[in-house]
There are 2 protein chains.
Amino acid sequence: MDEPVRFGVIGLAHLHAFAMTGLLREAGAELVAFHGEPAAADGFGKLFPGARTCSDPAEILDDPTIGLVVCADVPDQRVRTGVAALERGKAFFVDKPAAVSTRELAELRRAQEASGRPCAIFFSERLTSRATCRALTLVQAGAIGEVVETVGFGPHQVGLAPRPEWFYEPARSGGILGDLASHQMDQFLAFTDSTEAEVIAAQVANRSHPDRASFEDFGSALLRGDRGTGYARVDWYTPAGLGVWGDGRLTVLGTEGTLEVRKYVDPAGRPGGDHLLLVDSNETRHIDCSRDRLAFASNLLTEVARGAPDGPAQARAFLAQHLALEAQAQAVRLP
Amino acid sequence: MDEPVRFGVIGLAHLHAFAMTGLLREAGAELVAFHGEPAAADGFGKLFPGARTCSDPAEILDDPTIGLVVCADVPDQRVRTGVAALERGKAFFVDKPAAVSTRELAELRRAQEASGRPCAIFFSERLTSRATCRALTLVQAGAIGEVVETVGFGPHQVGLAPRPEWFYEPARSGGILGDLASHQMDQFLAFTDSTEAEVIAAQVANRSHPDRASFEDFGSALLRGDRGTGYARVDWYTPAGLGVWGDGRLTVLGTEGTLEVRKYVDPAGRPGGDHLLLVDSNETRHIDCSRDRLAFASNLLTEVARGAPDGPAQARAFLAQHLALEAQAQAVRLP
């Protein structure tokens, strides 16, 4: 890229705003302006001092020098920002969940298709997980034969930070499957290489938050794609004794081998994260992926500069988010 | 027990006959007689030289000094032996699957109820897995709060031994879910402490045995019990590089912690099997269970001597096998 991509951030409700911004800057983009709630904007401005804070998101949306709008607003506020950005010919990079209903997501998708600009969703449990990226590279090279199934666990710790009210309201957060399980849907599609998929069964429960009636602290879904199956499970039970926010795991079952990713921790095992275990016809091997380069942000900036997304990846991102929201909508609520 | 329990073995089609016999003898029972195909009977007789070989199973069924009949015949032959043994007032100890259809299983159950004698099913992936037994003890002591879900992986290596023809015919073997997944159903019921459960979805596939049209090398099922949910996955893909026949795993998700059992191998990790990982509010801990005592066989012999099973455990064994056969019957066959 000759000129750095200039971007603005609208909505700092999720801490992912910081990670998304950091990744884009490391990859060479320039943060121009941001808008968010005063408390979050204050911290954000201190971390990224070169950018201007805006009291009105229109200052970002209407700035013709800005090519990319990043959004980590409260989930039910994201689509309107995305549609506005795409309608103005800007690319959009949104935290998951991109929307809180399949209807809303379809709106975002129509805006993306009309504009032709990239609309990336921050599926960080793959895109920023070095071991998961390495696993995908190995799968694509045929390391475990044909992929038959993925099983993804996305446990999270609820008490790490004080949570805002919207966090406890599925209609605003997207629900546990719409939100957390979207990562799992993304991995299921990426690893099975499915381009069509359906939700076979889904369920949610609230087992340990009796004071938050509508909250869901457990969810799971069974998926079937045109090239493999998947099971996704998410929860908010991670206990303090783990030492990290969640024991994110991905198991990829192939006809000739298996891959297991221990993303953030190897419990009572090796230090650090980004552990990949490969079993094939020859051996069982631990692969330390902690020094791998993450390609996601620079790939996104290339697409932004080009003005168009990678077609299959764009379709997959929408399908992953759709599956998560569809699972949420279909889910049986367990007693 | 004053007098040792005397037992006979009918059917040596599965190698489990050797394990079942060995466990009972170690626990103090006396092997009196056995019946099986000549090749298997030859090896069995050499391993257990004190017992007599019978050309007719009636010699065992009609021996009034025998209190327990063990059976590891071809799965579709097991129920008739079980019914005959129970009708004669003997206890019955059968390899999984106890039957190849829910209808057949109901027949066995009726015979057990009529006789009142114990009818144990050899769910070896719990009963002979020290780490799984320890995990259950911890769960029952409340170590991880309330159990929300179990996920069990039961991968197997197909090429370890030459497989007989019946192995490839689901109608005779019970199918991959009826057979292998019965272990997972047993663990799901034991760990969630569910006494009622249903199959929500089930699927099977043949992805790597194109020459064996009716064989199934993959299967999975989603279960819902009155006290928790479960996902069970089984397959015949284990590659030679693992070094053991399968990476059997059980993950138990609780509201206040998690347990992970690495039954037979800790891939690229600690040597040996029987690894238990506990995460709770205080710590993450590896527990080596390889020296734990297995109580199963001596408990069974106590029941046989008493002439009656433990009621809840008996009901659970039938329900576990029923769920597996029900999943098999309902399973969608994937392309």
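Above this note sits the structure.
Residue positions are counted from 1 within each chain, in the order its sequence is given. Each chain gets a letter, beginning with A, and each ligand a number, beginning with 1, in the order they are written. Confidence filtering applies because this is a predicted model: local features only for residues at pLDDT of at least 70, side-chain atom pairs given and counted only at 80 or more, and all residues used for totals across whole chains, interfaces and linings. Where side-chain values are given, they derive from all heavy atoms of the structure, hydrogens and water being excluded.

**Remarks on the overall build of chain A**
Under the scheme used here, helices are H or I runs from DSSP no shorter than 4 residues and strands are E runs no shorter than 2 residues, and both carry numbers assigned from the N terminus. A tally of regular secondary structure across chain A gives 11 helices and 15 strands. It is over C-alpha atoms that the radius of gyration is taken, and the globule rule equals 2.2 Å times the number of residues to the power 0.38. Here the C-alpha atoms of chain A give a radius of gyration of 19 Å, agreeing with the 20 Å that 2.2 N^0.38 yields for 335 residues. Partly exposed residues are those whose accessible area sits between 20% and 50% of the maximum for their type, while under 20% is buried and over 50% is exposed, using a 1.4 Å probe and protein chains only. Sorting the 335 residues of chain A into buried and exposed places 60% on the buried side. Residue pairs in contact within chain A that sit at least 24 positions apart in sequence constitute 69% of those at least 6 positions apart. In chain A, which carries 33 positive and 44 negative side-chain charges, the distance between the mean positions of the two groups comes to 2 Å. Note on contacts: a residue pair qualifies if any of its non-hydrogen atoms lie within 4.5 Å across the two residues. The sign given to each residue is positive for Lys and Arg and negative for Asp and Glu; His and the chain ends receive no count. For this purpose, a charge sits on NZ of Lys, CZ of Arg, CG of Asp or CD of Glu.

**Here's the deal with the interface of chain A and chain B**
Across the boundary between the two partners, chain A contributes 51 residues, which contact 51 residues of chain B. In total, about 3,800 Å² of surface goes out of reach between chain A and chain B, with carbon and sulfur atoms giving 58% of it. Only one rule defines a salt bridge in this text: a Lys or Arg side-chain nitrogen within 4 Å of an Asp or Glu carboxyl oxygen. Viewed at the interface, chain B and chain A are joined by six salt bridges. Residues Glu146(A) and Arg207(B) are paired through a salt bridge, measuring 2.9 Å at the closest nitrogen-oxygen approach. Here a polar contact is taken to be a pair of N or O atoms separated by no more than 3.5 Å, where protein atoms must pair a possible hydrogen donor with a possible acceptor and residues adjacent in sequence count only if both atoms sit in side chains. Counting every contact that joins chain A to chain B gives 20 residue pairs in polar contact (both at pLDDT 80 or more). Secondary structure elements with two or more residues in the side of chain A that touches chain B: strand E7 (147–155), strand E8 (197–205), strand E9 (218–225), strand E10 (228–235), strand E11 (249–254), strand E12 (257–262), strand E13 (275–279) and strand E14 (284–288) of chain A. In terms of residue class, the side of chain A that touches chain B is made up of 21 nonpolar, 14 polar and 16 charged. As used here, buried area is the combined drop in accessible area, with a 1.4 Å probe, of two parts when they are placed together. Asp, Glu, Lys and Arg are counted as charged, while Ala, Val, Leu, Ile, Met, Phe, Trp, Tyr, Cys and Pro are counted as nonpolar; the rest, among them Gly, fall into the polar class.

**Observations concerning the pairing of E14(A)**
Residue and element names in this part refer to chain A. At least two bridges found by DSSP between two strands is the condition for calling them paired. In the sheet, E13 pairs with E14 via five bridges, with the strands oriented antiparallel. Bridging across to E14, Leu276 finds its partner in Ile287. Hairpin connection of E13 to E14: four residues between the antiparallel strands.

**Concerning the relation of the copies chain A and chain B**
Superposing chain A onto chain B takes a rotation of 180 degrees plus a shift of 0.0 Å along the axis, which leaves an RMSD of 0.0 Å. The operation mapping one copy onto its partner corresponds to a two-fold rotation axis. Comparing interface residues between copies, 100% of those in chain A also lie at the interface in chain B; the contact surface is shared. C-alpha atoms of residues with pLDDT of at least 70 in both copies form the basis for the least-squares superposition of the copies.

**Brief notes about the sheet that holds E14(A)**
Strand-to-strand pairing in sheets goes through backbone hydrogen bonds, with the strands running parallel or antiparallel. All names here are of chain A. One open sheet holds the nine strands; their spatial order is E14-E13-E12-E11-E7-E10-E9-E8-E15, and the pairing between them is mixed. Only two strands of the sheet have a single neighbouring strand rather than two, namely E14 and strand E15 (332–333). Relative to E11, E7 is paired through six bridges, and the arrangement is antiparallel. Across the sheet, residue Thr150 finds its bridge partner in E11, namely Val252. Axis definition: a line fitted to C-alpha atoms, limited for helices to the stretch in contact. Angles are taken between N-to-C directions and run from 0 to 180 degrees. This element, helix H7 (residues 130–140), spans E7, E11, E12, E13 and E14 of the sheet and lies at about 165 degrees to E12.

**Some words on the pattern of salt bridges**
Residue and element names in this part refer to chain A. Under the criterion given, the structure shown has 42 salt bridges over all chains. For Glu107, the salt bridge identified is with Arg103, shortest N-O distance 3.5 Å. Remark: Arg103 and Glu107 occur in helix H5 (residues 102–115); sequence separation between them is four residues, near one turn of the helix. Note on Glu107: relative accessible area 32%, which makes it partly exposed.

In short, the description is geometric, and any link to function would need to be established separately.
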